[in-house]
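Read off the chains here:
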Amino acid sequence: MSFSLTESKIGGPVFTIDYWVKKARIFEDMGAHSLCIKDMAGLLSPFDAYDLVKALKAALKIPIELHTHYTSGMASMTCLKAVEAGVDIIDTCLAPYALRSSQPAIEPIVATLQGTERDTGLDLKALLKLDEYFEHVGPKYRDFLDTSKMSVIDTAVLSHQVPGGMTTNLVSQLREADALDRLHEVHEELPRTRKELGYPPLVTPTSQIVGIQAVQNVLFGRYKMVSGQVKDYVYGMYGRPPAPIDAEVQKTILKGYEKGEKPITCRAADLLEPEMEKAKDATKNIAKDIGDVLIYALYPQTGMRYLRWKYGLEPVPDSVKPKTLEEVERENELIKKAKEGKLVEKVEKVIPVKGPGVRTFNVYVEDEYYKVEVEPTGAASVTGPVAGAPSQAAPAVPRPEAAPAPVKAAGTAPAAAPVAEGEVAVMVPMPGTVIRYEVKEGDSVKSGDIVVLLEAMKMENAIPSPADGVIKSVNYGPGASVKKGDVLVVIAK
């Protein structure tokens with residue numbers, strides 16, 4: 001059993017030591033065998049850790065564990081003070097994967113406690129041998145490191161309070177949305193959004209719910225775009241929040257919500273419909289065991305894609321294949337050459353004289369076209385892109401999707417596809433996967449009506465119509481991977 005610390009100094013006006021001790025006693029009375037203090041953003045200061053562990057040890061009979069992250073740089077000191085206070089277990093990590101937004105390194109803690117009454121009994125030499133192995137394979141995963149800043153710690157977390165696991169998600173999501181330069185705005189928005197949503201703990205899944213809403217508030221305007229999970233949370237499907245949700249924000253989020261505009265007061269689980277049989281039926285032709293069914297039940301879109309890759313029904317995209325050490329070595333050679341100025345080699349080229357049989361072709365690639373000259377020998381030259389495509393341009397060639405979709409896409413449209421006068425395009429606001437359309441060609445829609453559900457940033461996002469009109473075209477099918485700016489729907493006003 002675990003609970004989460006959410007702010008420095010135990011948690012301000014809401015999350016006091018008395019609050020946590022009462023909560024811990026409830027867990028123990030329910031039958032918990034141990035209790036974990038989960039400090040997911042590294043906000044628990046050393047002296048606060050000492051006071052909290054002391055209070056919990058005095059109130060409980062079950063073992064106390066501390067799980068903290070190194071994000072702010074305090075984790076090793078916090079663990080040491082918790083040890084002094086009598087904590088039974090601390091979570092650590094081998095050095096190659098420690099620090100940053102991970103856990104404190106185990107090796108210096110083992111060395112610090114050697115010969116004391118809290119000696120861990122762990123073999124430091126064995127740990128160092130494990131370090132050597134992980135240092136060897138570590139470069140395969142270097143692309144997952146947060147390189148948004150030089151420091152290995154983020155002292156700003158003491159203000160923005162973003163948990164370790166959430167930090168890498170935010171960086172990745174903003175990079176995909178071509179908005180990484182707005183990370184500081186998201187950090188400023190997070191505490192405000194969290195306060196308005198009743199101080200939910202910044203731990204999965206509510207950390208993702210709050211974090212993505214903060215991102216959307218920055219990119220699209222405050223609560224202009226709200227995920228289905230945020231609506232569920234505000235409605236009460238995740239239980240009662242630690243503090244009241246802002247009344248005006250609650251009203252805005254629940255406006256037009258299909259389950260109701262007034263939050264529930266009953267037990268949320270009582271409203272859930274059984275889903276297992278539906279999941280079993282949906283996966284009956286592909287699932288081999290209950291694990292496969294659960295993967296689909298938890299992640300219907302991405303889970304089904306994974307199962308199709310797993311059983312060879314679709315090729316695995318290069319983008320999700322693991323990097324090999326050989327590829328890392330080749331990258332290192334290129335980096336070395338680039339630093340030495342040897343990456344580009346000058347090659348003398350002899351361009352043959354154009355013959356009388358040269359023919360000219362226009363080649364269209366999305367919203368650009370190239371003028372290509374070809375003669376029978378096979379030689380070709382490209383003179384483009386050409387500014388201002390001809391008015392009688394041929395239809396754009398469909399863009400291949402980034403990865404095969406479970407259902408073939410209904411068509412594609414260029415990212416910056418022009419629409420005719422009197423038409424409006426519903427465009428992808430951020431990279432994601434089409435879940436399903438709520439409309440079909442020929443349907444009438446009003447401004448604000450939901451036209452498509454898009455899975456983006458691990459959330460289900462309802463994309464509304466920007467205007468009244470009639471659906472002229474639907475450009476993608478369920479399961480299609482789409483990038484920012486792609487045209488999902490064209491509406492004739």
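Counting restarts for each chain, with residues numbered from 1 along the sequence as it is written. Note on the predicted model: pLDDT of at least 70 is required for a residue's local features to be given, and 80 or more for side-chain atom pairs to be given and counted; whole-chain, interface and lining totals, by contrast, use all residues. The basis for every side-chain value is the complete set of heavy atoms in the structure, and neither hydrogens nor water enter the calculation.

K.L.:
Which residues make up the overall build of the chain, and what values go with them?
P.N.:
The way it works is that DSSP assigns letters per residue, a run of H or I at least four long becomes a helix, a run of E at least two long becomes a strand, and they are numbered from the N terminus. In terms of helices and strands, the chain carries 15 helices and 15 strands. The buried share among the 493 residues of the chain stands at 42%. Each accessible area is a Shrake-Rupley result for a 1.4 Å probe, and residues are judged covered by the shown protein chains and nothing else. Carbon together with sulfur atoms contributes 56% to the accessible area of the chain, which is approximately 27800 Å² in total. The buried label goes to any residue with under 20% of its type's maximum accessible area, the exposed label to any with over 50%, and the partly exposed label to all in between, with areas taken from a 1.4 Å probe on protein chains only.

K.L.:
Give me the lowdown on a negative patch on the surface, citing residues and values where you can.
P.N.:
To count toward a patch, a residue needs a relative accessible area over 30% and no salt bridge; like charges are then connected within 9 Å, while nonpolar side chains (Val, Leu, Ile, Met, Phe, Trp, Tyr) are connected within 5 Å. Salt bridges are counted wherever a side-chain nitrogen of Lys or Arg sits within 4 Å of a carboxyl oxygen of Asp or Glu. Lys and Arg are tallied as positive, Asp and Glu as negative. Neither His nor the chain termini are counted. Note on charges: their place is set at NZ of Lys, CZ of Arg, CG of Asp or CD of Glu. On the surface, Glu-326, Glu-327, Glu-329 and Glu-333 cluster together to form a negatively charged patch. Structurally, Glu-333 is set in helix 15 (residues 325–339). Take Glu-333: its relative accessible area is 44%, and that puts it in the partly exposed class.

K.L.:
I'd like a rundown of the pairing of strand 12 (residues 459–464), residues and numbers included.
P.N.:
One requirement defines pairing of two strands: DSSP has to find at least two bridges between them. Examined bridge by bridge, strand 11 (residues 450–456) and strand 12 share six bridges and lie antiparallel to one another. Its bridge partner lying in strand 12, Val-452 is registered against Ile-463. Between the antiparallel neighbours strand 11 and strand 12 lie two residues, among them Met-457 with a positive phi of about 55°.

K.L.:
Explain the pairing of strand 13 (residues 469–474) to me, and be specific about the residues and the numbers.
P.N.:
Within a regular strand, side chains alternate between the sheet's two faces. When strand 10 (residues 444–445) meets strand 13, the two strands line up antiparallel, connected through two bridges. Among the inter-strand pairings, Val-445 is bridged to a residue of strand 13, identified as Gly-469. Across four bridges, the pairing between strand 13 and strand 15 (residues 487–492) is antiparallel. Bridge pairing links Val-474 to Val-489 in strand 15.

K.L.:
Before we move on, can you summarise unusual backbone geometry with the specific residues and values?
P.N.:
Phi at Arg-100 takes a positive value of approximately 45°, unusual for a residue other than glycine. The phi dihedral of Tyr-199 is positive, around 55°, even though this residue is not glycine. Counting through the fold element by element, Tyr-199 comes out in the loop between helix 8 (183–196) and helix 9 (206–220).

K.L.:
Quick rundown of the sheet that holds strand 15? Include the residues and the values.
P.N.:
Reading across the sheet, the four strands line up as 8-15-13-10 and stay open at both edges, with antiparallel pairing between neighbours. Sheet topology places strand 8 (423–427) and strand 10 at the edges, where each strand pairs with a single neighbour.

K.L.:
Residue-level account of the pattern of salt bridges, with values.
P.N.:
Here the structure, examined in full by the defined rule, presents 21 salt bridges. Note that Glu-196 and Arg-222 form a salt bridge whose closest N and O atoms lie 2.8 Å from each other. Pair noted here: Glu-196 is in helix 8 and Arg-222 is in the loop between helix 9 and helix 10 (228–235), with a separation of 26 residues, a long-range link. Asp-270 is the partner of Arg-267 in a salt bridge, and the nearest nitrogen-oxygen pair spans 2.8 Å. The two residues Arg-267 and Asp-270 agree in class, both being exposed.

K.L.:
Residues and numbers for the packing of aromatic side chains, please.
P.N.:
Here the aromatic set is Phe, Tyr and Trp, taking the six-membered ring for Trp, and pairing holds for ring centres within 6.5 Å; pairs whose planes are under 30 degrees apart are stacked, those over 60 apart are edge-to-face, and all others are tilted. Here the structure, examined in full by the defined rule, presents seven aromatic pairs. Geometrically, the ring pair formed by Tyr-19 and Trp-20 is edge-to-face, given 5.0 Å between the ring centres and 85° between the ring planes. Ring pairs connect the aromatic residues Phe-15, Tyr-19 and Trp-20, which therefore count as one cluster. For a lysine, the NZ atom is tested; for an arginine, the CZ atom; a charge sits over a ring if that atom is within 6 Å of the ring centre and within 35 degrees of the ring normal. The ring of Tyr-50 carries the charged tip of Lys-81 above its face, separated from the ring centre by 5.0 Å. Above the face of the Tyr-311 ring, Lys-288 is positioned so that its terminal group lies 5.4 Å from the ring centre.

K.L.:
Could you give me a rundown of the sheet that holds strand 14 (residues 481–482), with the residues and numbers involved?
P.N.:
Across the sheet, which stays open at both edges, the four strands sit in the order 12-11-9-14 with antiparallel pairing between neighbours. Strands with a single pairing partner mark the edges of an open sheet, and in this sheet they are strand 12 and strand 14. When strand 9 (residues 432–437) meets strand 11, the two strands line up antiparallel, connected through four bridges. Each residue of the ladder has a partner; that of Arg-436, found in strand 11, is Leu-453.

K.L.:
So what's going on with the side chain of Glu-423? Which residues, and what values?
P.N.:
By the element assignment, Glu-423 lies in strand 8. By relative accessible area, which is 16% here, Glu-423 ends up buried. A distance of 2.4 Å separates polar atoms of two side chains, one belonging to Glu-423 and the other to Lys-472. The contact rule is simple, with two residues in contact once any of their heavy atoms fall within 4.5 Å. Among all residues touching Glu-423, those that are not within four sequence positions of it are Lys-472, Val-490, Ile-491, Ala-492 and Lys-493. Pairing of N or O atoms within 3.5 Å defines a polar contact, subject to two protein rules: one partner must be a possible hydrogen donor and the other a possible acceptor, and residues neighboring in sequence count only if both atoms are side-chain atoms.

K.L.:
I'd like a description of the confidence of the model for the chain, backed by residues and values.
P.N.:
Every residue carries a pLDDT, the predictor's confidence in it, which falls somewhere between 0 and 100. When pLDDT is averaged along the chain, the result is 82; 82% of the residues meet or exceed 70. Within the model, pLDDT remains below 50 along residues 378–417, and this stretch shows 83 contacts once partners closer than five positions in the same chain are excluded.

K.L.:
Describe the environment of Arg-194, with residues and values.
P.N.:
On the secondary structure map, Arg-194 appears in helix 8. As a C-alpha pair, Arg-194 and Thr-206 span 12 residues in sequence and 9.8 Å in three-dimensional space.

K.L.:
Explain the packing of helix 1 (residues 17–29) against helix 2 (residues 46–59) to me, using residue names and the numbers behind them.
P.N.:
In this analysis, axes come from line fits to C-alpha atoms, helices being fitted only over the stretch in contact, and the angle between any two N-to-C directions falls in the range 0 to 180 degrees. Relative orientation of the contacting elements helix 1 and helix 2 amounts to 40°, with a least axis distance of 10 Å. The element helix 1 and its partner helix 2 pack so that their crossing is right-handed. Contact with helix 1, carried on its side by Ile-17, Trp-20, Val-21, Ala-24, Arg-25 and Glu-28, involves Asp-51, Leu-52, Ala-55, Leu-56 and Ala-59 of helix 2 and no other residues of that element. Classes in brief: Ala, Val, Leu, Ile, Met, Phe, Trp, Tyr, Cys and Pro nonpolar; Asp, Glu, Lys and Arg charged; the others, Gly included, polar. Looking at the contact of helix 1 with helix 2 residue by residue, the classes come out as eight nonpolar, no polar and three charged. Rotating anticlockwise by less than a right angle from the far helix to the near helix defines a left-handed crossing, while the corresponding clockwise rotation defines a right-handed one.

K.L.:
Explain the side chain of Thr-433 to me, using residue names and the numbers behind them.
P.N.:
Positionally, Thr-433 belongs in strand 9. Overall, the relative accessible area of 9% leaves Thr-433 in the buried class. Each residue touching Thr-433, except ones within four places of it in the same chain, is listed here: Gln-301, Arg-305, Leu-453, Leu-454, Glu-455, Gly-479, Ala-480 and Ser-481.

K.L.:
Help me get a handle on the packing of helix 4 (residues 106–113) against helix 5 (residues 124–137), residues and values and all.
P.N.:
Close contact between helix 4 and helix 5 brings their axes to 10 Å; oriented N to C, the two are set at 170°. By the angle class used here, helix 4 and helix 5 are roughly antiparallel. Across the interface between the two elements, Ile-106, Glu-107, Val-110 and Ala-111 of helix 4 pack against Leu-124, Leu-127, Leu-128 and Asp-131 of helix 5. A class-by-class count of the residues in the contact of helix 4 with helix 5 yields six nonpolar, no polar and two charged. In this scheme, roughly parallel covers angles under 35 degrees and roughly antiparallel covers those over 145, while 65 to 115 is roughly perpendicular and the rest are oblique.

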